[in-house]
Amino acid sequence: MDDCIFCGIFAGRLPASMVYRDERCAAFMDIRPVTPGHLLVVPVRHAAYLAELDAEDGAQLFRVAQRLAAALRQSGVRCEGVNLFLADGEAAGQEVYHVHLHVLPRFRGDGFGLRFPPGYGHRPPRPELDEIAGRIKGVLSA
Ligand code: AMP
Ligand code: ZN
């Protein structure tokens with residue numbers, strides 16, 4: 001993947017501030033941190049989207065993110081909470097098309113947040129939830 005930034009890092013063509021590495025994944029500092037300590041956990045094997053990600057690579061991303069969250073809390077970096085965030089697809093905010101899991105240190109007043117759409121908070125009727133659940137279950141069991 002010659003034009004992929006994260007493959008370039010794994011190939012040693014691009015610099016990174018590496019925090020962790022194993023045979024399946026690595027973690028390094030985000031170059032434009034939302035808060036200080038912002039990390040990315042990235043599979044070594046290129047996968048542009050979640051659908052292409054090896055399931056065991058995905059499991060390892062989460063294991064490592066869990067360890068990093070604990071490490072951040074003990075590191076002296078300001079970290080009162082942690083968000084894990086993954087953007088899959090352009091509509092979800094993905095900018096780098098090599099799967100990555102953000103590990104974001106959070107603290108009161110850090111200025112970061114999710115914006116909810118108008119109407120958020122309204123609770124749809126149970127039949128509507130059940131109908132959508134049925135669609136998803138149908139795909140899972142197909
Ligand atoms: P996303 O919107 O989830 O695709 O986020 C891509 C993330 O990759 C952004 O937070 C960028 O700051 C980060 N990023 C882009 N290039 C690099 C790089 N060379 N090293 C570290 N992080 C990077
Ligand atoms: Zn790549």
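Up top you'll find the structure we're talking about.
Residues numbered from 1 in each chain as written. Chains lettered and ligands numbered in written order. Predicted model: local features only at pLDDT ≥ 70, side-chain atom pairs only at ≥ 80, totals over all residues. Heavy atoms only, no water.

1. Comments concerning the coordination of the zinc ion (ligand 2)
Okay, so step 1: Surrounding the zinc ion (ligand 2) are the protein donor atoms Cys4 (SG), Cys7 (SG), His46 (ND1) and His98 (ND1), which sit 2.0 to 2.3 Å from the metal.
Okay, so step 2: Relative to the metal, the 4 donor atoms surrounding the zinc ion (ligand 2) lie at angles of 101 to 118 degrees, and the coordination shape comes out tetrahedral.
Okay, so step 3: Read in sequence order, the donor residues coordinating the zinc ion (ligand 2) give the pattern C-x2-C-x38-H-x51-H. With cysteine 7 in helix 1 (residues 5-10) and histidine 98 in the loop between strand 4 (81-85) and strand 5 (101-106), the pair connects residues that are 91 residues apart, well separated along the chain.
Okay, so step 4: Residue histidine 98 is classed as buried on the basis of its relative accessible area, which comes to 0%. (Donors = N, O, S within 2.8 Å, 3.2 Å for Na, K, Ca; no water. Tetrahedral: all angles 85-135°; square planar, octahedral: opposite > 155°, others 65-115°. Helix = DSSP H or I, 4+ residues; strand = E, 2+ residues; numbered from the N terminus. Buried < 20%, exposed > 50% of the residue type's maximum accessible area, 1.4 Å probe, protein only.)

2. A few points about the site of ligand 1
Okay, so step 1: For ligand 1, the set of nearby residues contains 16 residues, the closest of which are Asp30, Gly93, Glu95, His100 and His102.
Okay, so step 2: Taking glycine 93, its main chain carries an N or O atom lying 2.7 Å from an oxygen atom of ligand 1.
Okay, so step 3: In the model, an oxygen atom of ligand 1 is placed 3.0 Å from a nitrogen or oxygen of the valine 96 main chain.
Okay, so step 4: With the chains in place, 87% of the 510 Å² that ligand 1 exposes on its own is no longer accessible.
Okay, so step 5: Among the elements that line the shell around ligand 1, the one with the most residues is helix 1, at 3 residues.
Okay, so step 6: When grouped by side-chain class, the residues that make up the shell around ligand 1 number 9 nonpolar, 4 polar and 3 charged. (Near = heavy atom within 4 Å. Polar contact = N/O pair within 3.5 Å; in protein donor to acceptor, adjacent residues only side chain to side chain. Areas by Shrake-Rupley, 256 points an atom, 1.4 Å probe, with all protein chains shown as cover. Nonpolar A, V, L, I, M, F, W, Y, C, P; charged D, E, K, R; others polar.)

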